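Chain by chain, the residues:
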Amino acid sequence: MTLQELVNRAASLYSDRKAVWFDECNDKPPTFYTYATVVKLAVELTAFLQKHCEQQGNLEIGLYCYPGIDLPSWILGILQVPAAYSPIDPDAPPMLSAYFMKKSNLQHILVENDKINKFQMSHAGFFCHNSSTIEHTGLTLFQMYVSNTDLNSQVDNMKSKHEPFKAATGNLQPGYTICPDQTKTKTSEGGYMDVGQKDSLAYILHTSGTTGIPKIVRVPHKCIVPNIQHLKSIFQITQDDMLFLASPLTFDPSVVELFLALSSGASILVVPNTVKMMPVELSAALFRHHHVTVLQATPTLLRRFGSHIIRSAVLSANSSLRVLALGGEAFPVLNLLKSWKHKKNKTSIFNLYGITEVSSWATCYKIPEEVFSADLRTDLPIPLGSPLLGTKVEVRDTNGSAVLEGEGQIFIGGEERICFLDDEITVPLGTMRETGDFVRVQNSKLFFLGRKDNQIKRHGKRFNIECLQQAAEDLCQVEACSVTWYQQEKLILFIVPKDDLEERETLKELQKRLPAYAVPDELVLIKALPLTSHGKVDISELNKTYQNHLNSRRRDSKLSGAEELWERLQYLWKSALGVLDDSTRISKDAVFVYSGGDSLKALRFYDEIEMLVGKAVPGLLEVILSHSIEEVYRHILKILFPDENQLMNYDSVMKRKLSGNSGENFHGKCIKLKSERGLEVASGLIPFIAVSRGNNFFSMDFNKSFMQPHNTVQVGVEVLQQPSFLHLVTPSIMKSHVQGYETEKILTVMNKASKPNCCSVQQIHAESSDVTMAELALGIRWKSNTRKCVDASPLIVIPSKEVSASVYVGSHSHAMQAIDLNLGEIKWEKNLGDRIESSACISKCGNFIVVGCYDGLVYVLQSSDGEIHWTFVTEDAVKSSAVVDSSSGLVYIGSHDEHVYALDIYKKACIWKLHCEGGAVFSSPCLSSFPHHLYVATLRGLLLAVNPIFHAAIYR
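Residues numbered from 1 in each chain as written. Predicted model: local features only at pLDDT ≥ 70, side-chain atom pairs only at ≥ 80, totals over all residues. Heavy atoms only, no water.

### Observations regarding the overall build of the protein
This is how it is decided: To qualify as a helix, a DSSP run of H or I must reach at least 4 residues; to qualify as a strand, a run of E must reach at least 2; elements of each kind are numbered from the N terminus. Burial here depends on accessible area, computed with a 1.4 Å probe over protein chains only, as a share of the maximum for the residue type. Under 20% is buried, over 50% is exposed, and the range in between is partly exposed. Note on contacts: a residue pair qualifies if any of its non-hydrogen atoms lie within 4.5 Å across the two residues. Under the convention used here, a 1.4 Å probe and the Shrake-Rupley method define accessible areas, while residue burial counts only the protein chains that appear.
The helix and strand inventory of the protein stands at 22 helices and 51 strands. Of all 956 residues assigned to the protein, the portion counted as buried reaches 53%. For the protein, the share of sequence-separated contacts (at least 6 apart) that also reach a separation of at least 24 residues comes to 62%. Total accessible area computed for the protein in this model is approximately 42,700 Å², and 50% of it derives from carbon and sulfur atoms.

### Remarks on the packing of helix α1 (residues 3–13) against helix α8 (residues 253–262)
Put simply, the test is: Here, axes are lines fitted to C-alpha atoms. For helices the fit covers the stretch in contact, and angles between N-to-C directions go from 0 to 180 degrees. Any angle that falls under 35 degrees is termed roughly parallel, while one over 145 is termed roughly antiparallel, one within 65 to 115 roughly perpendicular, and all others oblique. Residue polarity follows a fixed list, in which Ala, Val, Leu, Ile, Met, Phe, Trp, Tyr, Cys and Pro are nonpolar, Asp, Glu, Lys and Arg are charged, and the others, Gly among them, are polar.
Orientation of α1 relative to α8, taken along the N-to-C sense of each, is 30°, at an axis distance of 8 Å. As far as their axial angle goes, α8 and α1 are roughly parallel. Every residue of α8 that contacts α1 at L3, L6, V7 and A10 is listed here: V255, F259 and L262. Its residues placed into classes, the contact of α1 with α8 shows seven nonpolar, no polar and no charged.

### Focus: the sheet that holds strand β46 (residues 891–894)
We count it as follows: Any two strands with at least two DSSP bridges between them are considered paired.
Sheet architecture is open: four strands sit in the order β45-β46-β47-β48, paired in antiparallel fashion. Both edges of this open sheet fall to β45 (883–884) and β48 (909–915), since each of them pairs with a single strand only. Judged from the six bridges that link them, strand β47 (residues 899–904) and β48 form a sheet pairing that is antiparallel. The residue of β48 that forms the bridge with H899 is H915.

### Observations regarding the nonpolar core
Counted only if it meets this: Here the nonpolar core consists of buried residues drawn from Ala, Val, Leu, Ile, Met, Phe, Trp, Tyr and Cys, with membership extended through side-chain atoms lying within 4.5 Å.
Within the largest apolar cluster, 70 residues are counted, with the highest numbers of intra-cluster contacts made by L3, L49, L110 and F259. Apart from residues lying up to four places away in sequence, L110 is in contact with L45, L49, I61, G62, L63, Y64, I78, I134, L139, T140 and L141. W21, F244, L282 and V371 belong to the second-largest nonpolar core, a separate cluster that totals 34 residues.

### Side note on α1
Inclusion rule: Think of it as the arc spanned by the lines of direction from the helix axis to the C-beta atoms.
Looking only at α1, the buried set comprises L3, Q4, L6, V7, A10 and A11. When α1 is viewed along its axis, its buried side chains cluster within an angular range of 155° and face the same direction. Facing away from the buried side of α1 by more than 90 degrees, the exposed set consists of S12 and L13. Each element contacted by the buried residues of α1 is listed here: α2 (35–52), α3 (71–79), β9 (201–206), α7 (221–234) and α8.

### Side note on the environment of P299
As for its position among the elements, P299 is in helix α11 (residues 299–303). Residue class for P299 comes out buried when judged on its relative accessible area of 1%. Excluding anything up to four places from it in sequence, P299 contacts L326, G327, E329, A330 and P332.

### Structural notes on the pairing of β48
In terms of burial, β48 is largely enclosed, as five of its seven residues are buried. Counting the residues that bridge the hairpin from β47 to β48 gives four residues, and of these K908 lies at a positive phi of roughly 55°.

### Brief notes about the pattern of salt bridges
Oppositely charged side chains can pair when the atoms bearing their charge come close. For the record, the criterion: We define a salt bridge as a contact between a side-chain nitrogen of Lys or Arg and a carboxyl oxygen of Asp or Glu at a distance within 4 Å.
All told, the structure shown has 23 salt bridges when counted by the stated rule. Notably, a salt bridge pairs K115 with D114, separated by 2.9 Å at the nearest N-O pair. By relative accessible area, which is 57% here, D114 ends up exposed. Across the pair R835 and E837 runs a salt bridge whose closest N-O atoms are separated by 3.7 Å. Classification of R835 by relative accessible area gives partly exposed; the value is 30%. Via salt bridges that share partners, D474, E509, K512 and R513 belong to a single interconnected network.

### Describing the packing of aromatic side chains
The test is simple: Note on ring pairs: Phe, Tyr and Trp rings are taken, using the six-membered ring of Trp, and paired if centres are within 6.5 Å. Classes follow the plane angle, with under 30 degrees stacked, over 60 edge-to-face and the rest tilted.
Under the definition given, this model contains 15 aromatic pairs. Aromatic pair Y85 and Y203: ring centres 5.8 Å apart, planes at 35°, arrangement tilted. One end of the pair, Y85, is in strand β4 (residues 84–88); the other, Y203, is in strand β9, with 118 residues separating them in the sequence. Just as Y85 is buried, Y203 falls in that class too. Judged by centre distance (4.9 Å) and plane angle (65°), the rings of F235 and F350 are edge-to-face. A residue pair is termed long-range when its members are at least 10 positions apart, and F235 in the loop between α7 and β11 (242–244) and F350 in strand β15 (residues 348–353) qualify at 115 residues. By relative accessible area, F235 is classed as buried at 2%. Taken together, Y64, F119 and F142 form an aromatic cluster joined through their ring pairs.

### Points about the side chain of S895
Turning to its location among the elements, S895 is positioned in the loop between β46 and β47. On the basis of relative accessibility, which here comes to 0%, the residue S895 falls in the buried class. When residues no more than four places from it in sequence are discounted, the contact partners of S895 are T874, D876, A877, V878, Y901, A920 and V921.

### Topic: the confidence of the model for the protein
Note the cut-off: Known as pLDDT, the predictor's per-residue confidence is scaled from 0 to 100.
Scored by pLDDT, the protein comes out at a mean of 77, with 76% of its residues at no less than 70. This model gives residues 644–696 a pLDDT under 50, and the stretch forms 113 contacts once residues within four places in sequence are excluded. Low confidence marks residues 698–774, where pLDDT is under 50. Its contacts with residues over four positions away, or in another chain, come to 166 contacts.

### Here's the deal with the packing of helix α10 (residues 279–289) against helix α12 (residues 307–314)
Viewed as axis vectors pointing N to C, α10 and α12 meet at an angle of 10°, and their least axial separation amounts to 11 Å. Taken together, the axes of α10 and α12 lie roughly parallel to each other. Where α10 abuts α12, its residues P279, V280, S283 and F287 lie against I309, A313 and V314. Of the residues assigned to the contact of α10 with α12, the class counts are six nonpolar, one polar and no charged.

### A closer look at the sheet that holds strand β22 (residues 432–442)
Pairing is antiparallel in the open sheet, where four strands are placed in the order β18-β19-β22-β23. Taken across any chain shown, the strands that pair with only one partner, and hence form the sheet edges, are β18 (392–396) and β23 (445–451). Put simply, the sheet's adjacent strands are angled 45° from each other on average, direction ignored. The pairing of strand β19 (residues 406–413) with β22 spans seven bridges and is antiparallel.

### A few points about the environment of R787
Threshold: Counted as a polar contact is a pair of N or O atoms within 3.5 Å, where, for protein atoms, one must be capable of donating a hydrogen and the other of accepting one, and residues adjacent in sequence contribute only when both atoms are in side chains.
Looking at the element boundaries, R787 is found in the loop between α21 (761–767) and β37 (795–799). For R787, a relative accessible area of 48% corresponds to the partly exposed category. On a C-alpha basis, the gap between R787 and A815 in space is 8.6 Å, while along the polypeptide they are 28 residues apart. R787 has contacts with S813, A815, Q817, E829 and N831, leaving out every residue within four places of it along the chain. One polar contact links R787 to E829, side chain to side chain, over a distance of 2.6 Å.

Given below as C-alpha cells:
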C-alpha cells in the first residue's frame, strides 16, 4: 500500500466532497477543491512529469513552494509518477537548501511559478529551465546541472560550518551518527531493505541541522503508511472531519496531517505561513470559520495562541475541536493543561512521540478524561503510550542491555519501520535507531525524562533541565517558558509572563519545588518564545536573547564611583538572599553565610557582582563566603577603583533606586539631558540626529567643551548592540577624506528660545560658527553605472570603526549595489527579482540592509556581501522605503497591497500588518518618538497615525 493508493481509494468514494480548503484570511472568501478536482490536477501533473523526467531507477523530485490550494494535487501528482517528493522551504537559508538538494542528488525541481525569481536568485547557476510549463497547476520544472563546482563548494561550506560544533558536542541528536555503522542496532536475522528498490520511496526530508550536519532522511511508503492507518483508527477520522495543516512541509508530521485527511474523505485546511504567526487570525480561521476538528501541533505552537485564546476557542466548552494531538516536544504539565481546558470541553487529548529518523510517530497515549476532574491530582507524569502499528520500542542502558524497570535511552525501529539516513543504501530489517531521549520505565510504562543533550551536571549533581521547565510551567503566573544551559555555565529560565509576574516571588516558588542545584541562575522575561520552522522552541535564538540581555546589563551597570558601588552591592546582597525590602538595614559586619546564604546563593551573588563591575574579581568568592559585606566591598574597590580605597560612610550613602538615573529623564529611546556644566552624553550610548528624509541622516559627535550651559538638547539615542554597529550619516560631517588629508568635523546644535529644536542642515552650518569646517567644492569623484534609471535615494553608511564607508542604491535594472564611498569601487552587486524604487535602510545592528522590490518582496541583505538573509512576501509591488525602529529593531514598510508591515528581521517573522483602509502605500512610513507613532500615507490621500506597540500586542 502506498500513500497515493490511500488517497485514490478515498477519492473514488468521496469524489464530490471537499478535499482541501485554502483561506488567505484577508476578507476574501476561501477557495476549495473537491476530491475529483485534486485527482484531475494530479493526473495532469503526473503526465507532464512522466514526459519530461528521466525514469532510470528511483525518481526523486523537489517541490519548492509555499502551502496553498494546489499543494495536495502537486504532492499526489509526483507520487503517481511514481516518484518521491522532496519539499524545499523557500524561506530556508539558500546554503542549507543547496546542501539538501546536492546531498539528496535531486535532478528535478518543481518550482511554484511566483517563486521562480526567488528560486533563481537563491540558486543561480545550479539549474537549467525546462522549456515546458504545466498548465493549470502553477509549476515550472527545473533540471539540475550534472556538474556544478559552485554547488559543491556550498556543500563543503555547509560541512565545514558544522565541523567545530561536531567536535565540541560529542553527543548528537537522535540518529545524528556520523557514519551509519555507528548507529547502535539490534536487528533481526536475514533480510535487508534496499533504497534502490523500485518505487519504494515516498518522500525525502532533512533534519534541521541545529545540533549537527543536517541529515538526509529517505522515507519508504512501508514506513509511513502504517502511521497513517493506525492514527486514522485511533483518532476515528471520518469524512466529516476537518484537519489543519499545521506543520511545515519539511517537518514529517505534515505528511500525517495531509494523508490522514485525504485517505479518509475528510478535508484539510491550508492557510498562508504568515497567518500561522498571528494567533487571533489563526484561531478565528480554525475555530470560527472552518470548525477544525483535528489539530496536531507541537506544545510550543499551541502555547503561541496564549492562554486566553486556548480557553476561549481551542479548548472551550463548545469548541469544534474533537482531537488535539501534541508531539515533537515534552508534553505540557497536566496542571497547565487543566487550567486551559473548560470543564465541559469534550476534546480528546493525545501525547505523540517519535523521531524524524523513523518517520513519523512511534507511540501514542490518550489522556484519560478523569485526569481533568477537579478532585484528582494533576501533577502526575504523562506516559509516552503504546507503540504504533509496526513499531518496536526498546529502552536500553549504557551497556546496551534492555531496561525493564528504571532509566535508559529509547531505541525505535521495526521490521519495516525503516528510513535511509544520508548515504545508506541497504539497512537490515528490524534496525533500531537510537533517539537520544531518556525515559523512566515504571510498571511497563515509559515516562519522558528529557534529551541526552539536555542532561547537565551542576554543582556536582546530574539532572535534566526539563524538570525545571515543568516546575515553572506549573506556576499560575507563567504563560510559557523554556530553559537553556547558557555556555554550559548558567541555567537560564525564559518566561512569557501572565499578568503581573514578580521575579522574586517566582524564584521563591521554584526554590520550594526544586532541589537547590536545579534552581535557575536567572529569570529572563520575554514576550514570546522564538520558534524554529518546525514549531519547536529555538534554543539558539534564546541564547542570543540572553546575550543581548547581558550586553544591556553591562551597559546599564556603569559605576560612577565608590559610593554607587556600595549602594549596588547592598542591593545585590539583598537580592541574592531574597530580602529585597528597602527598609532592611544591612550591618557592615554582616557575613553572607550567617545571613541566610549558602554556597549556591553565594555563586549567584558572585556572578551578579562580576556582571556589575564588568570584569573578573580574583578571590572574590572566598571573601563572600568567609568575610563581611564591608570586606567584600573593600576587595572589589581595590580592583575597580585603585585610587578610592576609603570605605564610604555607611550612613551617608543616599538611598536611590537602582532603576533611576540622576539628572536624566528617560522616555523610550530618547533622553532629555540637563547639565549646569554642559551636555554630557550617557556612557555606552552613541548619539545621533536623524533629519527627515530629503535632508538625509547624519551623526553627531558631542563634545562637552562645545556645549554651552543652561541649554537642553533633545537627541535620539541608539544603544550599541554589536561592534559592527553602523550609524547613518552624510559624508560631509564625519571623517572626510579630501585631497589626501583627513579632518574631524563636529557639528553643534544650539537650541535658542526663539527657534525650534529641529533645524535644517543650512541652519546648523549657519549657527555653528565655533566649529572649523573643511572647505567643500562640487566635483565628480566617481561614477557607478547601474544600467537603468535610479528612482531610489542612495543610503550612505559610515562605520564607527576605521572601515571604508559604503553607498547602497538600487535601480530599475533589478541591481542593488554597494559602492565604496571613497574609491567608487563596487563592493558587491545583487540582482533582485524586479526593478527597485525603494530606498534601502540599515538595520539596528548594522549588519543588514532592507529594501523593497517590484516583485512584491522585501529583501533583507547582509550589508557586508549582499547575501540574502531573508525575504518577506507581500501581495503587490513594494516601492515604499523601510524605516527601522531604534527601540525595538523592527522594520516598518508599506506595499501596494494596501498594507503596512512590522517585520522582525532577526526572527524572520511578520509581527503585525495593518490594512490602510484602501490605497497603496507608496511613500515611506515615518516614525516619531514623541508620541511613539508610525505615520503612514496612502495614494488615496489618507494619513494614518499608528501605535506600533499597540498593534504588536494585538497581533501576538
